[in-house]
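Fold and geometry: a report
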Amino acid sequence: MKQGIGLPVFPGVAIGPAVVYRKSERTLPVSSGDPAIEQAKFDAARETARQQLSGLYETAKAQLGEDKAAIVEVQMLMLDDLDYLDGVAAAIADGAAAAIAALDTGEEFAQVFAAMDDEYMNARSADIRDMSHRIYDILCGNVGFQLPEGSFLLVAEDLAPSETIQLPRERILAFVTRQGSSSSHTAILARTLNIPSLVQANLSLEDAENCSVLAVDGYTGNWYLDPDPETLANLCQKQNEAASARAALDAYRGKESVTKSGKKVLLCANIGCPEDAEAAIAADAEGVGLMRSEFLYLGRDSLPTEDELFEAYKKVAEIMRERPVVIRTLDIGADKQVSYLGLEREENPALGLRGLRICLTREEIFRPQLRAIYRASAYGNLNVMFPMVASVWELKAAKALCAKVRGELEAEGVVTKDVPIGVMIETPAAAVLAPELAKEAAFFSVGTNDLTQYTLAVDRQNAKLGAFYDPYHPALLALLAHIAKSANDAGIWAGICGELGADPKMTETFLKMGYTELSMAPGRILETRKLVCESEV
Ligand code: PEP
Ligand code: MG
């Protein structure tokens, strides 16, 4: 048995096989100098891609149905597209390596499709890109990430949100990363999924690869490779105790979240995708306090279309029914990057073009999202809020676009409902300006993760700064009190949607400050309700 420690980010015990995720290390493709050889390499890779896709098609059909599997079928047809094949042959004849010819020709076609005035063809742009990347990977010898059957604990150096989102969440028993911080988006995802997780674990990837069983104690942060019988028995006992504690919390299911003196709080769920809304309902959430809508944009090769976004928001609205749902508009930037937006590399991405700043400068990105939200508004109780606001003019500009979009939709005969517009308070400027913003907003929701980062000037991603990332810092508490008071004075509601919302040490403080909504990972709702119901505040 080997053992070590990490920083726990979600409690629970997981025991099972370890799978090590390594980012693909690409070998740069070089041409042999002979077009005939390159063409033969391309032809062989095309056949391998065909076999891979036909395997994928069968799996997708069995698991997701014929409809969804059609996406794979489209890519199989593209493998035989004569224009694409001619383009590749011409590039190879010009001296390009097979892999580069496949990739560049795919990219050219993808851009042509994306520029067409036809939603169907726009969506095909991602398919051709995906298909040509597959051929490229085959030619570069990148075998991709092979997952075993069944459930496993995932071990990695670090995970980006765009990688995490592509993993088969239902089969992951735990995340263990050597890097990462407790407020990183991967840690947040792990909490949303109720998965015990460690970051900053001193576990070597090689050791994890060579073990039969990995056990993770998400309460203490300990990990064990091939645990001895005594350790295993202790961990199993902990697992059973945790199951009993969860069962005891079931008494709070269906109960109102009201303190002993009658103060009512709405306990909501943070979600990333429509499927999480089911988890929110299963966890007895009273609404969705934060839908991180950017997760719909991650892990793909092109912007989601307005229709795709509409379907996602409609699904959440329908699942949540009359319960309020707060959709946060696109918060790309910092650690959540997508390559297809063509954003320049920044020296200081956390202070760069992110959140509402992208939306206000790239209306072609923002507008389809707002249209989708207003179209979906007819199906439930939707609210919208903007991330990374620092000035009143930004809120006014975003609100003006909302009004314009809604007007246009109504002129097109689309039924929309009123969508209350709120502000995410996560910059110190927004916190200080809360009384001014409150005149323009229907509600506030405090993003304590970023508010902590920006108030204390401590990078939330940097594992080495853990001791300085203090969410209980008096400066932060003063801002939190000021935000709640400003909201209460203006007669609007204020909530917390950062990780602090589920912190049992803060529940009473938030109630005293005047917050009336707390939004958190679905798995934390019942224990927070217990605290609220037992509170005298
Ligand atoms: C926050 O900053 O607290 C927040 C909820 O948003 P995110 O963690 O997605 O940046
Ligand atoms: Mg934030």
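Residues numbered from 1 in each chain as written. Chains lettered and ligands numbered in written order. Predicted model: local features only at pLDDT ≥ 70, side-chain atom pairs only at ≥ 80, totals over all residues. Heavy atoms only, no water.

**Observations regarding the packing of aromatic side chains**
For clarity, the cut-off: Between rings of Phe, Tyr and Trp, where Trp is taken as its six-membered ring, a pair exists when centres lie within 6.5 Å; planes separated by under 30 degrees are stacked, by over 60 edge-to-face, and by other angles tilted. Secondary structure follows DSSP: runs of H or I at least 4 residues long count as helices, runs of E at least 2 residues long count as strands, and numbering of each begins at the N terminus. We call a residue buried when its accessible area falls under 20% of the maximum for its residue type, exposed when it is over 50%, and partly exposed in between, using a 1.4 Å probe and counting protein chains only. Placement of a positive charge over a ring is assigned whenever Lys NZ or Arg CZ falls within 6 Å of the ring centre and within 35 degrees of the normal to the ring plane.
In this structure the tally under the stated criterion is six aromatic pairs. Taking the centre distance of 6.1 Å and the plane angle of 70° together, the rings of Phe366 and Phe386 count as edge-to-face. Taken together, the positions of Phe366 in helix H13 (residues 363–376) and Phe386 in strand E13 (residues 381–386) put the pair 20 residues apart, joining distant regions of the chain. The same class applies to Phe366 and to Phe386, which are both buried. With 5.6 Å between their ring centres and 80° between their planes, Phe510 and Tyr515 make a pair best called edge-to-face. Tyr515 carries the same exposure label as Phe510, and that label is buried. Members of the aromatic cluster, each reached through a chain of ring pairs, are Phe42, Tyr84 and Phe109. The aromatic ring of Phe310 is capped on one face by Arg375, whose charged end is 4.2 Å from the ring centroid.

**Examining the site of ligand 1**
To keep it simple, the criterion reads: Throughout, the term near means that a residue has one or more heavy atoms lying within 4 Å of the molecule or strand in question. Any N or O atom pair separated by 3.5 Å or less is treated as a polar contact, with the protein-specific requirement of one donor-capable and one acceptor-capable atom, and with residues adjacent in sequence counted only for side-chain atom pairs. Accessible surface is estimated by sampling points in the Shrake-Rupley manner with a 1.4 Å probe; for residues, cover comes only from the protein chains shown.
Of all residues adjacent to ligand 1, which total 15 residues, the nearest are His185, Arg292, Arg328, Asn449 and Arg460. Contacts to ligand 1 include Lys336, whose side-chain N or O atom sits 3.4 Å from an oxygen atom. Between ligand 1 and the protein, one listed contact pairs an oxygen atom with a side-chain N or O atom of Asp450 at 2.9 Å. Contact with the protein chains hides 100% of the accessible area of ligand 1, taken as 280 Å² for the molecule alone. Those elements that provide at least two residues to the shell around ligand 1 are helix H7 (185–192), strand E11 (288–292) and helix H17 (448–456). The element that contributes the greatest number of residues to the shell around ligand 1 is H17, accounting for three residues.

**Focus on helix H2 (residues 66–78)**
Rules: Residue count minus one, scaled by 1.5 Å, sets the expected span of a helix.
With 13 residues, H2 should cover 18 Å at 1.5 Å per step; its first-to-last C-alpha distance of 18 Å lies within 8% of that length. Looking only at H2, the buried set comprises Ala69, Val72, Val74, Gln75 and Met78.

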